[in-house]
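Listed below are the residues making up each chain.
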Amino acid sequence: MTKIGVALAAGGSVGVAYHGGVLAALAEATGWDAGEADVLMGTSAGSVTSAMLRAGVPAVDLARISEGRPLSAQGSRLMTLGRPRRPKPSARHALGFRPVSDPRGVLRGVSRPWSLNPRALALAAMPSGFIPTNSLSDGLDALFPDGWPDGALWVCSYDQKAGRRVVFGRPGAPKASVGKAVAASSAIPSHFAPVEIEGRRYVDGGVTSMVNLDVMVGSGVDVVVVVSPLTQASPWPSLSATTVVRQVLGLQLRREVATLRSSGVEVAVIQPGRKAAAAMGINPMDAARRGDVSRAARAEVESWLAGAGGGLGRLLRDRGRFVRGAKAV
């Protein structure tokens, strides 16, 4: 049986909606649910979606949540147990704002330049985020009363002091609840407060990479489906205000895809077309756009599966039939 991995990239609130629209379209067209992937890996917004899938939320319900449509019986049941809530700022939290995220880290970098980690120093010198992520972590932890799931769930974050990526859920990673790990992966520097786990402060996994696709090297999967909200399907610049950012992030994604393919893993990349990118706008945290983004994503993926994405569609249909047959036995 072909082993399938799913890598869900960063993208803010609109990224969560894009993931939902894409994965719902794949499920509706092929019968394969991304929650059945052998490895589910997420960064920031992608970690939220990955955790919900591993909790048992059907992929089709991810789109229904963004679009305000009724959920399936299973989705409704799980959402009554708990659901991640978008962290919101308050005046009280704003008072805790600090002009420098980690003063000690800045002093260490200045006093010991030979051991300087430029990325860690930059994070230490940035203004500290002040919006807590408890509403996100608490909602997810309610969906995992027995702790980390049996299926592989990898959540990419960044250890601010050590200046390195940490993948929660993999052997040797720090111990954390699923909710805490996802909150750490989603803690955008200078926006959300860093998440403390075992005495260390963690921030958004997108600090290393929007996708962190190289983590999939050696994972044992044969095919990886990548969903990348902040890049674009077209290699040519558009009139969108975000086109430069999407082009730059696209270069990084292509390098990571090449690395993974060189290890013998097939990679299918799903990115926004012009309509989905336009629906996202210029602010990734604009939750008011979620419905439009999800609908645009579903339409684009449905069209793609009927053409260039037909090969992936056939693979997922075969895998979906295999999984359903195994469950019937």
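Residues numbered from 1 in each chain as written. Predicted model: local features only at pLDDT ≥ 70, side-chain atom pairs only at ≥ 80, totals over all residues. Heavy atoms only, no water.

## As for the overall build of the protein
(1) Moving on: The helix and strand tally for the protein stands at 13 helices and eight strands.
(2) Moving on: Burial status across the protein gives 50% buried among its 329 residues.
(3) Moving on: For the protein, restricting intrachain contacts to residue pairs at least 6 apart in sequence, the fraction spanning at least 24 positions comes to 74%.
(4) Moving on: Only carbon and sulfur atoms are counted for the fraction: they give 56% of the accessible area of the protein, which is about 14,800 Å². (Helix = DSSP H or I, 4+ residues; strand = E, 2+ residues; numbered from the N terminus. Buried < 20%, exposed > 50% of the residue type's maximum accessible area, 1.4 Å probe, protein only. Contact = heavy atoms within 4.5 Å. Areas by Shrake-Rupley, 256 points an atom, 1.4 Å probe, with all protein chains shown as cover.)

## Observations regarding the nonpolar core
(1) Moving on: By size, the foremost hydrophobic cluster in this structure holds 59 residues, and its most contacted members are Y18, V22, L23, L26, L53, F168 and V182.
(2) Moving on: The element that contributes the greatest number of residues to this core is helix α1 (residues 12–30), accounting for eight residues.
(3) Moving on: Discounting chain neighbours no more than four positions away, the residues touching V182 are S47, V48, A51, L136, L140 and V155. (Core = buried A, V, L, I, M, F, W, Y, C linked by side-chain atoms within 4.5 Å.)

## Focus: helix α9 (residues 178–185)
(1) Moving on: Most of α9 sits inside the fold, with seven of its eight residues counted as buried.
(2) Moving on: Among all positions of α9, only V178, G179, A181, V182, A183, A184 and S185 are buried.

## A few points about the packing of α1 against helix α3 (residues 59–67)
(1) Moving on: Orientation of α1 relative to α3, taken along the N-to-C sense of each, is 135°, at an axis distance of 7 Å. Put simply, α1 runs oblique to α3. α3 is crossed by α1, and the crossing has left-handed handedness. Contacts from A17, G20, G21, L23, A24, A27 and E28 of α1 reach α3 at A59, V60, L62, A63 and S66.
(2) Moving on: Each residue belonging to the contact of α1 with α3 can be placed in one class, and the counts come to eight nonpolar, three polar and one charged. (Axes fitted to C-alpha atoms, helices over the stretch in contact; angles between N-to-C directions. Parallel < 35°, antiparallel > 145°, perpendicular 65-115°, else oblique. Left-handed = near helix turned anticlockwise from the far one by under 90°. Nonpolar A, V, L, I, M, F, W, Y, C, P; charged D, E, K, R; others polar.)

## Examining helix α8 (residues 134–141)
(1) Moving on: Of the residues making up α8, those classed as buried are L136, S137, G139 and L140. Across the axial projection of α8, the buried residues extend over an arc of 165°, all falling on one side.
(2) Moving on: Buried-residue contacts for α8 involve α2 (45–54) and α9. (Arc of directions from axis to C-beta.)

## Some remarks on the layout of surface pockets
(1) Moving on: The computed volume of the largest pocket comes to approximately 620 Å³.
(2) Moving on: Forming the boundary of the largest pocket are 26 residues, of which V16, V48, P84, R86 and R290 lie nearest the centre.
(3) Moving on: Of all elements in the fold, only α1, α2 and α3 reach the threshold of two or more residues within the lining of the largest pocket.
(4) Moving on: For the lining of the largest pocket, the residue count by class is 13 nonpolar, eight polar and five charged.
(5) Moving on: Reported here for the second largest pocket is a volume of approximately 370 Å³.
(6) Moving on: In terms of lining, the second largest pocket is formed by 19 residues, of which the most central are G35, L53, R54, G56 and P149.
(7) Moving on: For the lining of the second largest pocket, the per-class residue count stands at eight nonpolar, five polar and six charged. (1 Å grid on protein atoms, 1.4 Å probe; cavity = no way out; pocket = protein on both sides within 12 Å on 5 of 7 lines; lining within 4 Å. Points joined across faces, edges and corners; volume = space filled by probe spheres on them.)

## Here we look at the packing of α2 against α3
(1) Moving on: One can describe the packing of α2 onto α3 by two numbers: an axis separation of 10 Å at closest approach and a directional angle of 125°. With respect to their mutual orientation, α2 and α3 come out oblique. Remark: the crossing between α2 and α3 carries right-handed chirality. The residues of α3 that touch α2, namely those facing T49, M52 and L53, are A59, L62 and I65.
(2) Moving on: A breakdown of the residues in the contact of α2 with α3 according to their chemical character gives five nonpolar, one polar and no charged.

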